[in-house]
Amino acid sequence: MTAATKPQDNGRQEENHRDDKDHNRVYDRDHKDYHNWNENEDRVYREYLSAKHRTYRGFAELQEKEQRAYWNWRHSHPDHDHQHEGR
């Protein structure tokens, strides 16, 4: 499944959508929360790729399994700037 930006539909939680402030928000199904994909999240994602010795690929280009692996890692490596929505 591709993580393309889609509008939220009738309360159904989509993989990604833009909020009214035009920020990318990505839904993490396993942890049931949203993440704002901003400069901070991109920086942390690049740290993850470096720690895993992987070359950069846009998050939306990853397979669902790879995206889920990132969110699992992300939840075990929080930072103070990271804001979760829906908790």
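Notes on the structure follow. Source: prediction; values computed, not measured.

1. Observations regarding the overall build of the chain
Scanning the chain for helices and strands turns up two helices and four strands. What you see in the chain, going N to C, is helices and strands ordered as β-β-β-α-α-β. The 87 residues of the chain split such that 34% are buried. Of the contacts made within the chain by residues no fewer than 6 positions apart, 39% connect residues no fewer than 24 positions apart. Summing over all exposed atoms, the chain offers an accessible surface of approximately 6000 Å²; the carbon and sulfur share of this is 44%.

2. Focus: the pairing of strand β3 (residues 33-37)
Successive residues of a regular strand alternate their side chains across the two faces of the sheet. For β3, the tally of buried residues reaches five of five residues, placing the bulk of the element in the interior. Pairing analysis gives five bridges linking strand β2 (residues 24-28) to β3, with the strands arranged antiparallel. Across the sheet, residue asparagine 24 finds its bridge partner in β3, namely tryptophan 37. Connecting β2 to the antiparallel partner β3 that follows it, the hairpin turn spans four residues, and lysine 32 within it adopts a positive phi of roughly 55 degrees.

3. A short note on the environment of leucine 49
For leucine 49, the position within the fold is in helix α1 (residues 39-51). Taking the relative accessible area as the measure of exposure, leucine 49 reaches 6% and is therefore buried. Residues leucine 49 and tyrosine 70, 21 residues apart in the sequence, show an inter-C-alpha distance of 8.9 Å. Those residues in contact with leucine 49 that sit more than four places away from it in its chain are Arg54, Thr55, Tyr56 and Arg57.

4. Points about the packing of α1 against helix α2 (residues 64-76)
Relative to each other, α1 and α2 sit at 100 degrees, their axes nearing to 11 Å. Taken together, α1 and α2 sit at an angle that is classed as roughly perpendicular. Contacts from Asn40, Glu41, Val44, Tyr45 and Tyr48 in α1 reach Glu66, Ala69, Tyr70, Trp71, Trp73 and Arg74 in α2. For the contact of α1 with α2, the per-class residue count stands at seven nonpolar, one polar and three charged.

Definitions and cut-offs
Numbers given to residues run from 1 along each chain, matching the order in which its sequence is written. pLDDT decides what is reported in this predicted model: residues at 70 or higher carry local features, side-chain atom pairs at 80 or more are listed and counted, and totals for whole chains, interfaces and linings draw on all residues regardless. Side-chain measures were taken over the full set of non-hydrogen atoms in the model, leaving aside hydrogen atoms and water. Helix numbers and strand numbers start at the N terminus; a helix is a DSSP run of H or I with at least 4 residues, a strand a run of E with at least 2. Throughout this description, buried means an accessible area under 20% of the type-specific maximum (1.4 Å probe, protein chains only), exposed means over 50%, and partly exposed covers the range between. The contact criterion used throughout is that any non-hydrogen atoms of two residues lie within 4.5 Å. Every accessible area reported is derived by Shrake-Rupley at a probe size of 1.4 Å, with residue values counting cover from the shown protein chains alone. For two strands to be treated as a pair, DSSP must find at least two bridges joining them. In this analysis, axes come from line fits to C-alpha atoms, helices being fitted only over the stretch in contact, and the angle between any two N-to-C directions falls in the range 0 to 180 degrees. Should an angle fall under 35 degrees it is taken as roughly parallel, and over 145 as roughly antiparallel, whereas 65 to 115 is taken as roughly perpendicular and any remaining angle as oblique. Here the term charged refers only to Asp, Glu, Lys and Arg, the term nonpolar to Ala, Val, Leu, Ile, Met, Phe, Trp, Tyr, Cys and Pro, and the term polar to all other amino acids, Gly among them.

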